[in-house]
Amino acid sequence: MNDNSRRVYDSVLGLLSDVDNPTPMVQLSRLVPFKHTKVYAKLEWYNPFGAVKDRVAWNMVRDAEDSGRISSSQKLVEPTSGNTGLALAMVSNAKGYALTTPLSNQIPLEKRTVLRLAGVDVVELEDSLCPAPGAPEGAIAKANEIANQPEFEMLNQYANGSNPEAHYRTTGPEVWHQTAGLVTHFVAGLGTCGTINGSGRFLKEQNPDVAIIGVYPPAGHDVPGVRSLEQLSQTEFFTPDEYDGLTEVGNELAFEMCQRINQEESLTAGPSSGMALAGALAAIPDEPGNVAVVIFPDSIFKYSSSVLNNVAGLGAAPPSGTKREQLLDSMIENTRANPDLVMDVDAAHNFWNEEQPLVIDVREPDAHSQRHIPGSINMPLDELPVLAEFLPEKRDAPLLSVCERGNLSLSGVLFLKSLGYQNVRSITGGTEAWDEQGFTIASN
Ligand SMILES: Cc1ncc(COP(=O)(O)O)c(C=O)c1O
């Protein structure tokens, strides 16, 4: 028998949250500038597998079992690096299913390792196939391919109604109950939009005046778990007309707020919690009677790499690899931080218009043919040394090195520099940021 009051359970699945066993809410007292509005953080890392997605994984599996879609010894495939993957791995272990997750080799090593430790068959894909954090298009394509085999089933959190339904059944009722029906504002970061969609629907049914506010990052962001407006078009549950507010929070502010939450509120919140709180503080007025609940999706512990990349002054990332690999890594990181070698997408667009550089796309041909900057030539990074003979003779020729999101292209810049080219740049955010900014794009 599960006993929430003593916190004694028959199985780990008994720990899954619902209105009788809610995740905690903590009032933020130090970094909230309001006199009247009360702001509560709902701490989703108190779910048994560490994140808000535990609710979704469990609900998708349960509904699939109840409807006969899956049964014993089922093989599941899901294109997720993150919290849904780990939660599905754990639910699958508890229920006897096997799980395969296709994902980008750019996903932090911590995550790939933990999934493998949990028994998942991790299928790693090249960076160029899997562009942005939270936008695993290549992984989705691969998962679809695997799901075509009859023994596999893809639960697909981007289109499975059991995702928002999990929040309609649990998160929404918890918030209503925990605030004794006094909640006036509900704020969630947008990933699949299951959280905002399901919780929002429940809360609106209790009180249509509860304001539902979604928070999202800009194109080219580095906040794991959430999606820019462009990326949001890939989830079926993004229904902005039903929200009362939609707020963009920049990458830097998200990480700054994350750091402040950890330091000032002693809450071990992750980057997307910082984003959601910054959005809440921008969107909610300071008025008597306001009670805001902000979803804090998960904790900081799995985000060392993103924190090191986005918060200054925390020291260098721990070295890995051979000395030669470490040297190359640090050359790439120096390039990334060198304003003479990288440009944001607007500056790159001006450079492209004004200096008409030769655009060298260093991705694999598949990725290049799907979408590329018009006029670019495709020279995959691995082949650059042999293709170098086709590069301009003049070493002052303007060159633009491009990839999907501005990582591989840094190696391209280094290589071109090593050949003596003086006017070489890479675009931060790569082709994806270019496309999201609405600049001309081509495909063939
Ligand atoms: C780590 C993480 N996962 C998921 C989500 C989003 O949840 P959903 O997919 O329900 O929109 C967020 C939102 O902030 C998040 O930070």
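Residues numbered from 1 in each chain as written. Predicted model: local features only at pLDDT ≥ 70, side-chain atom pairs only at ≥ 80, totals over all residues. Heavy atoms only, no water.

What about the sheet that holds strand β1 (residues 25-27)?
Our working rule: Strands qualify as paired when DSSP identifies two bridges or more between them. Where helices and strands are cited, they refer to DSSP runs of H or I of at least four residues and of E of at least two residues respectively, numbered from the N terminus. Orientation is described by axes fitted as lines to C-alpha atoms, over the contacting stretch for helices, and by angles from 0 to 180 degrees between their N-to-C directions.
Pairing in this open sheet of six strands is mixed, and the strands run β1-β2-β10-β7-β8-β9 from one edge to the other. The open sheet has two edge strands with one neighbour each: β1 and β9 (245-248). On average, adjacent strands in this sheet sit at an angle of 25 degrees to one another, irrespective of strand direction. Pairing between strand β7 (residues 185-189) and strand β10 (residues 291-296): three bridges, direction parallel.

As for the domain arrangement of the protein chain
For the record, the criterion: For each domain, the first and last residues come from an automatic or database assignment.
Each assigned domain of the protein chain is listed here: domain 1 (11-317) and domain 2 (323-436). Taking only C-alpha atoms into account, the centre of domain 1 sits 33 Å from that of domain 2.

Regarding the site of the ligand
The line we're drawing: Any residue with a non-hydrogen atom lying within 4 Å of a molecule or strand is treated as near it. Here a polar contact means two N or O atoms within 3.5 Å. Within protein one must be a hydrogen donor candidate and the other an acceptor candidate, and residues neighboring in sequence count only if both atoms are side-chain atoms. For the accessible areas, the method is Shrake-Rupley and the probe is 1.4 Å, while residue cover comes only from the protein chains on display. Under this grouping Gly is polar, as are all residues other than the nonpolar Ala, Val, Leu, Ile, Met, Phe, Trp, Tyr, Cys and Pro and the charged Asp, Glu, Lys and Arg.
Looking at the ligand, there are 16 residues lining it, with K53, T192, C193, T195 and S272 nearest. Within the contact set of the ligand, an oxygen atom lies 2.8 Å away from a backbone nitrogen or oxygen of G191. Residue C193 places a main-chain N or O atom 2.7 Å away from an oxygen atom belonging to the ligand. Look at the ligand: alone it shows 390 Å² of surface, and the protein chains cover 97% of it. Tallied by class, the residues present in the shell around the ligand amount to six nonpolar, eight polar and two charged.

Some thoughts on the pattern of salt bridges
Rule in force here: In the sections that follow, a salt bridge refers to a side-chain nitrogen of Lys or Arg positioned within 4 Å of a carboxyl oxygen of Asp or Glu.
Tallied over the entire structure, the rule returns 20 salt bridges. The salt bridge involving R69 is made with E153; its shortest N-O contact spans 2.5 Å. With R69 in the loop between α1 (53-66) and β3 (75-77) and E153 in strand β6 (residues 152-154), this pair connects stretches of sequence that are 84 residues apart. The partner of E124 in a salt bridge is R112, and the shortest N-O contact between them spans 3.2 Å.

A short note on the nonpolar core
Taken as a class, soluble globular proteins show a tendency for nonpolar side chains to be buried jointly. The condition that has to hold: To define a nonpolar core, start from buried Ala, Val, Leu, Ile, Met, Phe, Trp, Tyr and Cys residues and group those joined through side-chain atoms within 4.5 Å. Partly exposed residues are those whose accessible area sits between 20% and 50% of the maximum for their type, while under 20% is buried and over 50% is exposed, using a 1.4 Å probe and protein chains only. Working rule for contacts: check all heavy atoms of both residues, and any pair within 4.5 Å makes them a contact.
With 35 residues, the main nonpolar core has L28, V39, I261, L267, L277, V294 and F296 as its most contacted residues. Only β2 (38-43), β8 (211-216), α8 (251-264), α9 (271-283) and β10 provide two or more residues apiece to this core. With residues near it in sequence (within four places) discarded, V294 still touches V39, Y40, A41, K42, V187, A276, L277 and A280. Counting 25 residues, the second-largest nonpolar core is a separate cluster that includes A64, L86, A87 and V91.

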